[in-house]
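Each chain is listed here by its residues.
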2 protein chains.
Amino acid sequence: MKVTAMIMAGGRGERFWPKSRKSLPKQFLSLTDDGVTMIQDTVSRILPLVDMEDIYIVTNRDYKELAMEQLPELPEENILCEPVGRNTAPCVGLAAMHIGNKYDDALMIVLPSDHLIKYNSMFLNVLRDACAVAEKGENLTTIGITPNYPETGYGYIKFDPDQSEGRAYGVERFVEKPDLKTAKKYLADESYLWNSGMFVWKVSTILADIEKYIPNTYAGLVKIKEAIGTEEQDAVLEAEFQKMESESIDYGIMEKADHIYVIPGTFGWDDVGSWLAVGRIRSTNEFGNTVQGNVITVETKNSIIEGTDKLIAAVGLKDIIVVDTDDALLICDKGHAGDIKKVLENLRICNRNEYI
Amino acid sequence: MKVTAMIMAGGRGERFWPKSRKSLPKQFLSLTDDGVTMIQDTVSRILPLVDMEDIYIVTNRDYKELAMEQLPELPEENILCEPVGRNTAPCVGLAAMHIGNKYDDALMIVLPSDHLIKYNSMFLNVLRDACAVAEKGENLTTIGITPNYPETGYGYIKFDPDQSEGRAYGVERFVEKPDLKTAKKYLADESYLWNSGMFVWKVSTILADIEKYIPNTYAGLVKIKEAIGTEEQDAVLEAEFQKMESESIDYGIMEKADHIYVIPGTFGWDDVGSWLAVGRIRSTNEFGNTVQGNVITVETKNSIIEGTDKLIAAVGLKDIIVVDTDDALLICDKGHAGDIKKVLENLRICNRNEYI
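Residue positions are counted from 1 within each chain, in the order its sequence is given. Written order decides the labels, with chains lettered from A and ligands numbered from 1. With pLDDT at 70 or above as the cut-off, local features in this predicted model cover only qualifying residues; side-chain atom pairs require 80 or more to be listed or tallied, and sums for whole chains, interfaces and linings still use all residues. Side-chain numbers come from the whole structure's heavy atoms, not from hydrogens or water.

Caption draft 1: Examining the relation of the copies chain B and chain A more closely. C-alpha atoms of residues with pLDDT of at least 70 in both copies form the basis for the least-squares superposition of the copies. With an axial shift of 0.0 Å and an RMSD of 0.0 Å, the rotation relating chain B to chain A amounts to 180 degrees. Within this description, the copies of the chain are treated as partners about a two-fold rotation axis. Taking C-alpha positions as the reference, the residue of chain B nearest the rotation axis is I331 of chain B, at 4.2 Å.

Caption draft 2: Structural detail: unusual backbone geometry. Look at the link from W17 of chain A to P18 of chain A: it is a cis peptide, with omega at 5 degrees. Segments assigned H or I by DSSP are reported as helices when at least four residues long, segments assigned E as strands when at least two residues long, and all are numbered from the N terminus. For P18 of chain A, the location among the structural elements is in the loop between β1 (3-8) and α1 (38-46). Look at N87 of chain A: it is not a glycine, yet its phi comes out positive at around 65 degrees. Note on placement: N87 of chain A falls in the loop between β3 (79-82) and α3 (88-102). Positioned with a positive phi, V272 of chain B is a non-glycine residue whose angle comes to about 50 degrees. Counting through the fold element by element, V272 of chain B comes out in the loop between β11 (269-270) and α10 (276-281). Under the scheme applied here, a residue whose accessible area is under 20% of the maximum for its type counts as buried, over 50% as exposed, and between as partly exposed, the area being computed with a 1.4 Å probe on protein chains only. Since its relative accessible area comes to 0%, V272 of chain B is described here as buried.

Caption draft 3: Seen up close, the interface of chain B and chain A. Residues are treated as being in contact if the distance between any of their heavy atoms lies within 4.5 Å. In this complex, chain B contributes 35 residues to the contact, which on the side of chain A involves 35 residues. Two parts placed together each lose some accessible area under a 1.4 Å probe, and adding up what both lose gives the buried area. For the pairing of chain B and chain A, the buried interface totals around 2,800 Å² over both sides, and the portion due to carbon and sulfur atoms is 65%. When the area that chain B buries against chain A is broken down by residue, the three leading residues are K310, L311 and I331 of chain B, summing to 23%. A pair is scored as a salt bridge if a Lys or Arg side-chain nitrogen falls within 4 Å of a carboxyl oxygen belonging to Asp or Glu. Counting the contacts that link chain B with chain A gives four salt bridges. Residue E299 of chain B pairs with K342 of chain A through a salt bridge whose shortest N-O separation is 3.6 Å. Side-chain atoms alone can form a polar contact between residues adjacent in sequence; in general such a contact is a pair of N or O atoms within 3.5 Å, and within protein one must be able to donate a hydrogen while the other accepts it. If you look at where chain B meets chain A, you find 20 residue pairs in polar contact (both at pLDDT 80 or more).

Caption draft 4: Local environment of the sheet that holds strand β12 (residues 290-292) of chain A. Within the open sheet, the six strands sit side by side as β12(A)-β14(A)-β16(A)-β17(A)-β15(B)-β13(B). Their pairing is mixed. Each edge of the open sheet carries a strand with a single partner, namely β12 of chain A together with β13 (295-298) of chain B. Within the sheet, the average angular offset between the axes of one strand and its neighbour, ignoring direction, is 5 degrees. In the sheet, β13 of chain B pairs with strand β15 (residues 311-315) of chain B via four bridges, with the strands oriented parallel. Residue pairing in the sheet places T297 of chain B in a bridge with A314 of chain B of β15 of chain B. The convention used is that axes are lines fitted to C-alpha atoms, helices contributing only their stretch in contact, and that angles between N-to-C directions extend from 0 to 180 degrees. Along the sheet face, helix α11 (residues 340-349) of chain A touches β17 (328-333) of chain A together with β13 and β15 of chain B and points at about 135 degrees away from the line of β13 of chain B. Strand pairing is defined by DSSP finding a minimum of two bridges between the two strands.

Caption draft 5: Main features of the pattern of salt bridges. Summed over the entire model, instances satisfying the criterion amount to 38 salt bridges over all chains. Two residues, R280 of chain A and D270 of chain A, come together in a salt bridge whose shortest N-O distance is 2.8 Å. Taken together, the residues R280 of chain A in helix α10 (residues 276-281) and D270 of chain A in strand β11 (residues 269-270) connect sequence positions 10 residues apart. Of the residues examined, D270 of chain A reaches a relative accessible area of 8% and is grouped as buried. The partner of E138 of chain B in a salt bridge is K202 of chain B, and the shortest N-O contact between them spans 3.6 Å. Separated by 64 residues along the polypeptide, E138 of chain B in the loop between α4 (120-136) and β6 (140-145) and K202 of chain B in strand β9 (residues 192-202) bring together distant segments of the chain. Residues joined by salt bridges that share partners form a network here, namely K2, D51, D54 and K102 of chain A.

Structure, rendered in structure tokens:
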């Protein structure tokens, strides 16, 4: 069966402020040393498995030009723009309708656009296994990441090691972000995986489940499909999307449907969820510092310093994140990385949109 | 007797990098909120006591123009430029010779150019008392600051409360920077003062003591005086200054001479020795932060943040100094303020003089 992919690229990436901005979110940035952006990596990574013309990007209108610039070989009509954000279920449904309009049925790989994967060939093998499971029946397949530390910032997937389908295992349940004690228990248990937000299914399977579990959304998606290629395409998309309820694929479908399978993967995955991730994914020096730019450090350790041409002198720092851009400078204690959103709230309240 | 003053303004002010630079040291900056520079404050503060034409600045050639710009009412010939730095004894001697060339004898107030004084009229009263003591005999008078906390970064002066001369007291000895335990003892004892580096004496008295204790320097100073106003003035100054030994007034004269008196003063004095002083002298907000510029703070306390137009977001910081300038940014833990000089050493070693 034809293998297609859809990449979700509508996120704002606020947690990488001030490098990421509303006008240039994380997926369109390079956070590694090589200058390749995250969405470019996401696309090129799957090219051994999926033809370029079968890769769809779902994003919002503000980012269409960025996507076209960064992915010049992608057909323009494969960049689907949501009129408004309605979480992942309508987003996946929109891509499924476009793919379903092109092929009678097809396998559909669903990927976030802003994750990092170190070992591409291992990742591709996991995708191949997932495709095999998804093709075999009406299975919804997700990729789970084998934990190697007790992360409290991810959701987990509990699987049943005794219920296998190819290389996949039956999902018992999805569990919320745990506290540290629970996360340690999950790590030791070895039947819990991190929920990566990557899925593989047939177009026909996911659409049938959307019809079953979120029928109103399905009805709108059908109208959107019928308008594809017509003069009303944009107007129908706008009208129907506005009406849909916000719903995630996880809550709306995965936690309710049967035949949910997970494939455990270990391929150097990182969701790059905050500046802290930069300390994991970039090379650090002997003092544990991750440094980029024109930087002098004195008695400084375990810090992340990212600048431009301006000289940055870091003296006596420990566990501090410094991000300097042309118009904004962030200095943040590593333990407060989550509070960066408070800076953005403050900026929004004060209507200082030039910095957002 | 005529009252004159000499202000020492040759310092590099490295501890205020990156705001202070070799080309714009601390005494030519405003570290308070009012935009008046420290040397301007130093001059205007004594004008009730000293005529402008009797105020001399001793600095080095690099700063002559800055001094003229910032002190346009000061006669150009009152800005004396040391060809090389030879510490404070030759510096004071040079000014004494110029004042002695103008007046038969005069009182001479010696002041650093980069200290802060909150209560000017109290300070002037102390100077008046010092002038009275200095005029009365062959007395070397220094101003001591009554300690209000056990500072370990200053030298102290032990005086004898039973040996008074006007409002001054006989100095028993000068003591080095103490450890905390000793500083606490000094504070409790009440016969120890901080050594402020401010002096009052007659020109004839200090020159007699330079002749007695540093005769080679005195011989050079005499030649420099003889050349004042002649074509050889600059050449003689250059040649004789080069030959002089580096010697401070404290070690070279004050610790050896007799008739040393100290006047205790409390007039809101701060030597503004490092960025930490900014937290003392500027207003702090309810979180203990001292903030200047375009700054957002989130969960940040006891920090000093000084920027320009660029947005600075400080998140989760505690006891951190942030100083942003057009070409250099410092982020420094308060406990490591002394390590800023290591940044400058590094810059010198790497020959990056544009940042020094």
